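# Architecture and fold: a report
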Amino acid sequence: MEAGAPDKPVDIRNYVDFCKAAAITLIAFWHYYYVLSYGDSLVLLQQGGVAHILAKFPPAGVIGSIKSLAMLIVALGGEMPRFFIIASGFGLYLSYLRRKDNWAVFYKKRFVRILPLYWAAVILIYAFHKYSIDEKDAFKVFIYHLLLVQTYTKYSLAYGALWFVGYIAQLYLLFPLLVRFFESRTLKIFLIAFSVFGNIVITKIMLLAGFEPQGKLPTLYLACFVFGMILAQGAFRGKTYFRKIFAFAYLPVFTAVAALLFFLINNYVFFDSHIFQNVFVILLFLILYWVYRPINAVIPAFQKIINPLAYSSFVLFLSHQTLNGIFLTYLVRYRVAMCITYGNCIVQVPSLRNALLEIPVFIVTVLICLPVQKGYDGLVRAVRSHRSLTT
């Protein structure tokens, strides 16, 4: 196969869109469940993995089994930002390989694509006091978020999911160096090894130097980003490894490894280790392809649902927690939802009705975010067109 030729049996871009859509949906419902359950979903997997979830939600009867499966899926939502990081590594490197823009043009495109929407979200959260910190720290943390350095502080989660933008911005800054490593076989192998074990090394060095790491270091999810870059290189250059990864003959191998990982989850506090978390999510990314492919083949409308979710996923990521809090305020006011105050937050009382209310909340959130993303993209195109005409 010639370099740059598409691998027709694997429509990797559509699959990556599916992963984005699945990730943002699971992340949203994981955050919704966090509100509904007073935060205990944060430790569902860390306290004993799948066995802990099944003990808490026993699969007794049809309803019980559905609830157990739903809780397992929702609990995995806490790991889904890694899916976005895989997609970011894939999309960023594939775009670079196709266009080979100089770095000034490259960063200008990313700046316009990400930062204005992100800064708008930060300003609105600060203006309407939707953060989870003491007022005395509010302005300081606001500046941290504007400068995209919140992940180096203990306030990385103060604006909810917005930590992700600070983290991904740091990977974008490192991207030219990562590209340089990918251009050399030796350096690429070193980078892959470092992406897996580097966070442990960096953390130990910082501790020995007397610094206690806070927030999220750039090395934390680097393995997922590098894996996305490997996929992009394989897709663009028609690499043999890329075709094998998505070949049906290799599905039993991935399934066997996944089964081993599930065993480790329940026996060795699997989710305490970021190495294993990254490996688990990478394998899940590979295995889900064999869920996506038959569904997409049998149900043509499936991709039509995925596309708008994937397209608006960035705005959804920025806004779903804040919009959920706003919707809850009105649902409580009109006594549609049963809620209590938990600290300075509104928290739903656990009930089936309240849980089901989050489904229309998510749908309305998507319907808000989709035109926002389209409107912003239209504005960017209009500005670019005006500039090209004037020059």
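Parameters and conventions
- Residues numbered from 1 in each chain as written.
- Predicted model: local features only at pLDDT ≥ 70, side-chain atom pairs only at ≥ 80, totals over all residues.
- Heavy atoms only, no water.
- Helix = DSSP H or I, 4+ residues; strand = E, 2+ residues; numbered from the N terminus.
- Buried < 20%, exposed > 50% of the residue type's maximum accessible area, 1.4 Å probe, protein only.
- Contact = heavy atoms within 4.5 Å.
- Areas by Shrake-Rupley, 256 points an atom, 1.4 Å probe, with all protein chains shown as cover.
- Expected span 1.5 Å × (residues − 1).
- Bend = angle between axes of the 7 residues up to and from the residue.
- Patch = residues over 30% accessible without salt bridge, like charges linked within 9 Å, V, L, I, M, F, W, Y side chains within 5 Å.
- Salt bridge = Lys/Arg side-chain N within 4 Å of Asp/Glu carboxyl O.
- pLDDT = per-residue confidence, 0-100.
- Axes fitted to C-alpha atoms, helices over the stretch in contact; angles between N-to-C directions.
- Parallel < 35°, antiparallel > 145°, perpendicular 65-115°, else oblique.
- Left-handed = near helix turned anticlockwise from the far one by under 90°.

### Quick word on the overall build of the protein chain
When helices and strands are tallied, the protein chain shows 15 helices and two strands. Looking at the protein chain as a whole, 47% of its 391 residues qualify as buried. A fraction of 70% describes how many contacts in the protein chain between residues 6 or more apart in sequence connect residues 24 or more apart. Total accessible area on the protein chain stands at roughly 20000 Å², and carbon and sulfur atoms take up 69% of it.

### Comments concerning helix α8 (residues 185-208)
End to end, α8 covers 32 Å across 24 residues, agreeing with the expected 34 Å (1.5 Å per residue, within 8%). Along α8, the helix axis deviates most sharply at F197, where the bend reaches about 60°. Burial in α8 covers these residues: K188, L191, S195, G198 and N199. Where α8 is buried, its residues meet α7 (163-182), α9 (222-237) and α10 (240-245). Phi turns positive one or two residues past the end of α8, at G210, with a value near 90°.

### Describing a nonpolar patch on the surface
Side chains of V291, I295, V298 and I299 sit close together on the surface and give an oily, nonpolar patch of about 330 Å² of accessible area. Here V291 shows up in helix α12 (residues 274-298). Owing to a relative accessible area of 39%, V291 belongs among the partly exposed residues under this scheme.

### Section: the pattern of salt bridges
Using the criterion set out here, one finds four salt bridges in the structure. Residue E79 is joined to R82 by a salt bridge in which the shortest nitrogen-to-oxygen separation is 2.6 Å. Each member of the pair, E79 as well as R82, carries the same accessibility label: buried. In this structure, K136 and D137 form a salt bridge, with 3.4 Å as the shortest nitrogen-oxygen distance. What you see here is one network of salt bridges that share partners, running through K136, D137 and K140.

### Remarks on the confidence of the model for the protein chain
Low-confidence regions, as indicated by low pLDDT, have predicted coordinates that should not be scrutinised in detail. Per-residue confidence for the protein chain gives a mean pLDDT of 83, with 83% of residues at or over 70. Every residue in residues 1-8 is under pLDDT 50, and counting partners more than four places away or in other chains gives 13 contacts.

### Concerning helix α14 (residues 313-333)
Taking 1.5 Å per residue as the helical rise, α14 with its 21 residues ought to reach 30 Å, and the 29 Å between its terminal C-alpha atoms agrees with that figure. Bending of α14 peaks at approximately 50° at the position of S319. Where α14 is concerned, the buried positions are S313, F314, V315, L316, F317, L318, S319, H320, L323, N324, L328 and L331. Remark: R335 follows α14 within two positions and exhibits a positive phi of approximately 60°.

### Some words on the packing of helix α4 (residues 81-99) against α12
Interhelical geometry of α4 versus α12 gives an angle of 70° and a closest axis separation of 10 Å. Taken together, the axes of α4 and α12 are roughly perpendicular relative to one another. Judged by the twist between their axes, the crossing of α4 over α12 is right-handed. Taking contact as the criterion, the partners of R82, F83 and I86 in α4 are, on α12, H274, Q277, N278, V281, I282, L284, F285 and L288.

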